Amino acid sequence: MTSSRLVPPPRGSAAGLALLALLLAAAPAAARPEAGHVIALSGRVVASADHQPERVLALRSPVFVGDHIQTAPGARAQLFLLDDTTLSLGENSHMVIDEYVFTGQPQEDLSSLRFLRGVIRNVTGRITEANPARFQVRTGKAVIGVRGCDLLFDLQPDAEHIHVLEVPPGRRIIVDADYHPRAQPDLHIQQRFEIPQA
């Protein structure tokens with residue numbers, strides 16, 4: 001019978017210290033659930049999470065629950081989540097994976113994303129097919145219940161534009177808008193609408 005054990009590198013070994021640093025840097029991200037990975041990328045794209053170092057993303061890099069994903073000027077990225085949702089980020093974009101669970105069990109699956117800045121296209125996947133109420137996108141001014149649709153978000157400091165690219169038959173989008181116009185700070189507007197109308 002053979003046994004194996006981890007033998008520490010000699011003290012002061014540069015290779016050993018580099019390996020230890022790499023393992024410690026990777027541990028915090030690995031402790032968070034993986035949500036998907038990068039399938040296309042151009043330019044500098046980074047992911048960061050609370051109290052963790054920024055990671056420069058590359059093709060096939062994993063993305064995790066809690067990640068803030070940001071593209072630099074001139075950069076672009078496309079993410080593929082575990083439920084087949086596709087997210088395309090243009091330059092100067094910023095999004096957050098707030099919550100994400102995909103087990104294949106509709107009662108457990110959940111996707112909650114926050115789009116903060118830039119141009120982001122969202123093509124939904126299997127979570128919305130099985131249980132549309134469990135997929136949600138938040139922006140600074142709206143909460144969008146995405147029900148199996150293809151949407152383009154253009155989020156700028158002074159305006160948010162949500163473009164409906166496709167609503168398949170039998171599907172819908174629910175938007176809850178909640179904002180305070182700059183011209184009238186005391187005015188609070190709340191509006192709910194559905195596309196197409198129910």
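Model, not experiment: these values are computed from the prediction. (Residues numbered from 1 in each chain as written. Predicted model: local features only at pLDDT ≥ 70, side-chain atom pairs only at ≥ 80, totals over all residues. Heavy atoms only, no water.)

Draft legend 1. Highlighting the pairing of strand β5 (residues 68-71). Pairing geometry for strand β2 (residues 45-48) and β5, over 4 bridges, is antiparallel. For V45, the partnering residue across the bridge sits in β5 and is T71. Examined bridge by bridge, β5 and strand β8 (residues 94-101) share 3 bridges and lie antiparallel to one another. Bridge pairing links I69 to M95 in β8. (Pairing = 2+ DSSP bridges. Helix = DSSP H or I, 4+ residues; strand = E, 2+ residues; numbered from the N terminus.)

Draft legend 2. Looking closely at unusual backbone geometry. The phi dihedral of H51 falls on the positive side, at around 60°, and the residue is not glycine. Position of H51 relative to the elements: it lies in the loop between β2 and β3 (55-56). Its relative accessible area of 84% is what places H51 among the exposed residues. Non-glycine residue D84 carries a positive phi angle of around 80°. (Buried < 20%, exposed > 50% of the residue type's maximum accessible area, 1.4 Å probe, protein only.)

Draft legend 3. Local environment of the nonpolar core. I69, L79, L87, M95, I97, F115 and I144 are the most contacted members of the largest nonpolar core, which totals 31 residues. Excluding residues that lie within four positions of it along the chain, L79 makes contacts with H37, V38, I39, V63, I69, T85, T86, L87, L89 and M95. (Core = buried A, V, L, I, M, F, W, Y, C linked by side-chain atoms within 4.5 Å. Contact = heavy atoms within 4.5 Å.)

Draft legend 4. Structural view of the environment of D50. Topologically, D50 is positioned in the loop between β2 and β3. For D50, a relative accessible area of 61% corresponds to the exposed category. Measuring from C-alpha to C-alpha, the distance between D50 and D67 comes to 8.2 Å, with 17 residues separating the pair along the chain.

Draft legend 5. Focus on the confidence of the model for the chain. Summing up the model confidence of the chain, the mean pLDDT is 80 and the portion of residues at 70 or higher is 70%. Confidence drops under a pLDDT of 50 for residues 19-27, and excluding neighbours within four residues, the segment shows 0 contacts in the predicted structure. This stretch, residues 179-190, has a pLDDT under 50; its non-local contacts, to residues over four places away or in other chains, come to 16 contacts. (pLDDT = per-residue confidence, 0-100.)

Draft legend 6. Structural view of the pattern of salt bridges. This model, assessed by the stated rule, comprises 6 salt bridges. The shortest N-O distance in the salt bridge between R32 and D67 comes to 2.9 Å. Separated by 35 residues along the polypeptide, R32 in the loop between α1 (14-31) and β1 (34-42) and D67 in the loop between β4 (62-64) and β5 bring together distant segments of the chain. One salt bridge connects D84 with R126, and the closest N-O pair in it is separated by 3.2 Å. One end of the pair, D84, is in the loop between β6 (76-81) and β7 (86-89); the other, R126, is in helix α2 (residues 126-130), and 42 residues separate them in sequence. Note on R126: relative accessible area 37%, which makes it partly exposed. One connected set of salt bridges, linked through shared partners, spans R32, R55 and D67. (Salt bridge = Lys/Arg side-chain N within 4 Å of Asp/Glu carboxyl O.)

Draft legend 7. The side chain of D109, seen in detail. Note on placement: D109 falls in the loop between β8 and β9 (110-123). Buried D109, no salt bridge; nearest opposite-charge side chain is R134, N-O distance 7.3 Å. Among the polar contacts made by the side chain of D109, one reaches the main-chain amide nitrogen of G104 at a distance of 3.3 Å. The contact partners of D109, leaving out residues within four places of it in the chain, are V101, F102, T103, G104, I127 and R134. (Lys, Arg positive; Asp, Glu negative; His and termini not counted. Polar contact = N/O pair within 3.5 Å; in protein donor to acceptor, adjacent residues only side chain to side chain.)

Draft legend 8. Structural detail: the side chain of H94. Looking at the secondary structure, you find H94 in strand β8. Excluding anything up to four places from it in sequence, H94 contacts H68, I69, Q70, R114, F115, L116, R117 and I120.

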